[in-house]
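Observations on the model geometry
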Amino acid sequence: MDYQSFLIFLMELVGTVAFASSGAMVAIGRKMDIFGVGVLGVVTACGGGMIRDIILGIIPPNVFIHAVYAQVAIIVSSITFLLFYWKGELLKGRIRSHYDKTMLIMDTVGLAIFTVVGVNTGISCGYKENAFLLVFVGTITGVGGGLLRDMMAGVPPYIFVKHIYACASIVGAVVCVFLHRRIGNVEAMAGAGAVVIGIRYLAVRYRWNLPKLPTDKEREK
């Protein structure tokens, strides 16, 4: 394994840990048992990559060839479940507030990593000149797992109702494609990942949201 491949592998592992934790937390919030927590953790961490691989014609998807990603997701999800099972007070008060902030950071890092990894996978498959496909697979890799997670948990998909999220992934994918054609691959992924993280930070900090119709209560005010 060369330096670049090893670096990408490490990035994928970090993203897997981040998204598995996010999926597990959603499952815990929906009062699922440990099996449900594990399933949502794996789906969140690996779902986007599976969709990407199917689109790119990688059959079976990499998660079934390299089981380490699913294994890491299961371990992280189980640890998260047991942590809250034994220490239920973590779901309350100031500790929960700190945990929520940590999860937001991890979710943002995971989004950045999987977005640029998705673009890189498309390039590796020979679609370097197809910018639209690269941006799409980058975005779906970043947000696909979370979309499947929310659908399975029966909650409104996060990417449609919360602060700028999918748009950050789209912008990051566009930047990654642009930079890849001008500088090295690793540098392009690092720069684009930083863009995703920067947009997410600003969106949360200043509560940026896309326009949407007001609710009846908001109209009455």
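Report on the accompanying structure. (Residues numbered from 1 in each chain as written. Predicted model: local features only at pLDDT ≥ 70, side-chain atom pairs only at ≥ 80, totals over all residues. Heavy atoms only, no water.)

Here's the deal with the overall build of the protein
This is how it is decided: Numbering of helices and strands runs from the N terminus; a helix is a DSSP stretch of H or I covering at least four residues, while a strand is a stretch of E covering at least two. Every radius of gyration here is taken over C-alpha atoms, with the globule rule written as 2.2 Å times N^0.38, N being the number of residues. Burial classification: accessible surface area is computed with a 1.4 Å probe over protein chains only, and a residue below 20% of its type maximum counts as buried, one above 50% as exposed, and the rest as partly exposed. Contacts between residues were defined by any pair of non-hydrogen atoms, one from each residue, lying within 4.5 Å. Only the protein chains shown count as cover for residues, with accessible areas throughout obtained via the Shrake-Rupley method and a probe of 1.4 Å. For this count, His and the chain ends are skipped, Lys and Arg are scored as positive, and Asp and Glu as negative. The location of each charge is read from NZ of Lys, CZ of Arg, CG of Asp or CD of Glu.
A tally of helices and strands in the protein yields 10 helices and zero strands. Whereas a compact globule of 221 residues would reach a radius of gyration of roughly 17 Å, the protein reaches 18 Å, a difference of no more than 12%. When its C-alpha atoms are laid out on the principal axes, the protein stretches across 50 × 45 × 25 Å. In the protein, which comprises 221 residues, the share counted as buried stands at 45%. Long-range contacts, defined as pairs at least 24 residues apart, comprise 76% of the intrachain contacts of the protein with a sequence gap of at least 6. Here the protein has roughly 12,000 Å² of accessible surface; of this, 67% comes from carbon and sulfur atoms. For the protein, the centre of its 20 positive side-chain charges and the centre of its 13 negative side-chain charges are spaced 8 Å apart.

Some points on empty space enclosed by the protein
Heads up, the rule is: Put simply, the grid is 1 Å and covers the protein atoms alone, a cavity is a trapped set of points that fit a 1.4 Å probe, a pocket is an open set with protein on both sides within 12 Å along at least five of seven lines, and lining residues have an atom within 4 Å of a point. Grid points are joined across faces, edges and corners, and a volume is the space filled by probe spheres set on the points. For this scheme, ten residues count as nonpolar: Ala, Val, Leu, Ile, Met, Phe, Trp, Tyr, Cys and Pro. Four count as charged, namely Asp, Glu, Lys and Arg, and the remainder, Gly too, count as polar.
Taken as a whole, this structure holds one cavity of 30 Å³ or more when the rule is applied. Empty space within the largest cavity amounts to approximately 70 Å³. Surrounding the largest cavity, 14 residues form its lining, Val143, Gly146, Leu147, Arg149 and Tyr165 being those nearest its centre. For the lining of the largest cavity, the secondary-structure elements that each account for two or more residues are α1 (3–29), α6 (131–153) and α7 (158–161). A total of six residues in the lining of the largest cavity trace back to one element, the largest contributor, which is α6. Partitioned by chemical class, the residues of the lining of the largest cavity number seven nonpolar, four polar and three charged.

Distances and angles like these do not, on their own, reveal function.
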